[in-house]
Amino acid sequence: VNELTHFANERNIFITIETEGSHFLPTDYPINLLSISPKFSNSIPVLGVKTPQGDIVDERMIRKHNSKRVNIDAIKKSIEYHSDYHIKPVLDKELSMVEEVQELLDTLNIPNEKVWAMPAGDDRESLMESYPVVMDFVRDRGWRFTGRSHIMAFNTERCV
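1. What to know about the pairing of strand E5 (residues 116–119)
Of the pairings in the sheet, the one linking strand E4 (residues 90–91) to E5 comprises two bridges and is parallel in character. Among the inter-strand pairings, Leu91 is bridged to a residue of E5, identified as Pro119. Here E5 pairs with strand E6 (residues 144–145) via two bridges, running parallel. By the bridge assignment for E6, Ala117 is matched with Phe145. What joins E5 to E6 is helix H5 (residues 124–141), and the crossover it makes is right-handed.

2. What about the sheet that holds E4?
The sheet built from three strands is open, its strands ordered E4-E5-E6 with parallel pairing. The open sheet has two free edges, formed respectively by E4 and E6, since each of these has just one partner strand. Contacts from H5 reach E4, E5 and E6, with the element oriented near 155° to E5.

3. Let's talk about the pattern of salt bridges
Tallying each qualifying case throughout the model produces six salt bridges. Between Lys88 and Glu18 there is a salt bridge, and its shortest N-O distance comes to 2.9 Å. Of the two residues, Lys88 sits in the loop between strand E3 (85–87) and E4 while Glu18 sits in strand E1 (residues 16–19), which places them 70 residues apart along the sequence. With a relative accessible area of 49%, Glu18 lands in the partly exposed category.

4. Let's talk about the side chain of Ser22
Looking at where Ser22 falls in the secondary structure, it is placed in the loop between E1 and strand E2 (33–36). Here Glu20 takes part through its side chain, which lies 2.2 Å from a polar atom of the side chain of Ser22. A distance of 2.9 Å separates the side chain of Ser22 from the side chain of His23, its partner in a polar contact. Dropping the residues within four chain positions of it, Ser22 is found in contact with Lys68, Asn71 and Ala74.

5. Here's the deal with the sheet that holds E1
Two orientations exist for strands paired in a sheet by backbone hydrogen bonds: parallel and antiparallel. The three strands are arranged E1-E2-E3 in an open sheet whose pairing can be described as parallel. Looking at strand neighbours, the two that pair on one side only are E1 and E3, the edges of this open sheet. On average, each strand axis in the sheet is tilted by 15° relative to the strand beside it, whichever way the strands run. In the sheet, E1 pairs with E2 via four bridges, with the strands oriented parallel. Bridging across to E2, Glu18 finds its partner in Ser35.

6. Looking at a positive patch on the surface
Where like charges cluster on the molecular surface, the positive patch consists of Arg60, Arg63, Lys64 and Lys68. Tracing the backbone through its elements, the reader meets Lys68 in the loop between helix H2 (59–67) and helix H3 (72–81). Residue Lys68 is classed as partly exposed on the basis of its relative accessible area of 37%.

7. Considering unusual backbone geometry
A positive phi is found at Leu95, a non-glycine position, where the angle reads about 55°. Here Leu95 is to be found in the loop between E4 and helix H4 (98–108). Despite not being glycine, Asn155 shows a phi value in the positive range, around 55°. Mapping Asn155 onto the fold places it in the segment after helix H6 (149–154).

Parameters and conventions
- Residues numbered from 1 in each chain as written.
- Predicted model: local features only at pLDDT ≥ 70, side-chain atom pairs only at ≥ 80, totals over all residues.
- Heavy atoms only, no water.
- Pairing = 2+ DSSP bridges.
- Helix = DSSP H or I, 4+ residues; strand = E, 2+ residues; numbered from the N terminus.
- Right-handed = clockwise from strand over helix to strand, strands pointing away.
- Contact = heavy atoms within 4.5 Å.
- Axes fitted to C-alpha atoms, helices over the stretch in contact; angles between N-to-C directions.
- Salt bridge = Lys/Arg side-chain N within 4 Å of Asp/Glu carboxyl O.
- Buried < 20%, exposed > 50% of the residue type's maximum accessible area, 1.4 Å probe, protein only.
- Polar contact = N/O pair within 3.5 Å; in protein donor to acceptor, adjacent residues only side chain to side chain.
- Patch = residues over 30% accessible without salt bridge, like charges linked within 9 Å, V, L, I, M, F, W, Y side chains within 5 Å.
- Areas by Shrake-Rupley, 256 points an atom, 1.4 Å probe, with all protein chains shown as cover.
- Lys, Arg positive; Asp, Glu negative; His and termini not counted.
- Charge placed at Lys NZ, Arg CZ, Asp CG, Glu CD.

Below is the structure:
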């Protein structure tokens, strides 16, 4: 028994890590819940747009983003290694990513109960447009829904 396992068991700690799944990260102790939010094609930065950090998106940023966007091997290894997981895709109000998401789920043999979809939106207004569409969709699909309470609470404010 390593020190982290002993520490976690002694204190009844539940460890969750949120990741986009681009890298497999073995740990001394399997994480209790790995929350994997792969970056589908709807996450590709838009050329010329200012990022939240103040940079302007250029071709280099887009190439780097795309090179790490969906790493099937890393996601598969992570699912096999860690104790539990769920897949957390972002769906827009047009549900434009459903086929891409389903392809990943089929490739990795992910059951519906392991899918927690989030509505797309960078601010309260756009998020509220996605909420009802995504809620209805996941209900009918047999997936789960998770909101984006940080945006609902703080809107576009950063570092809160």
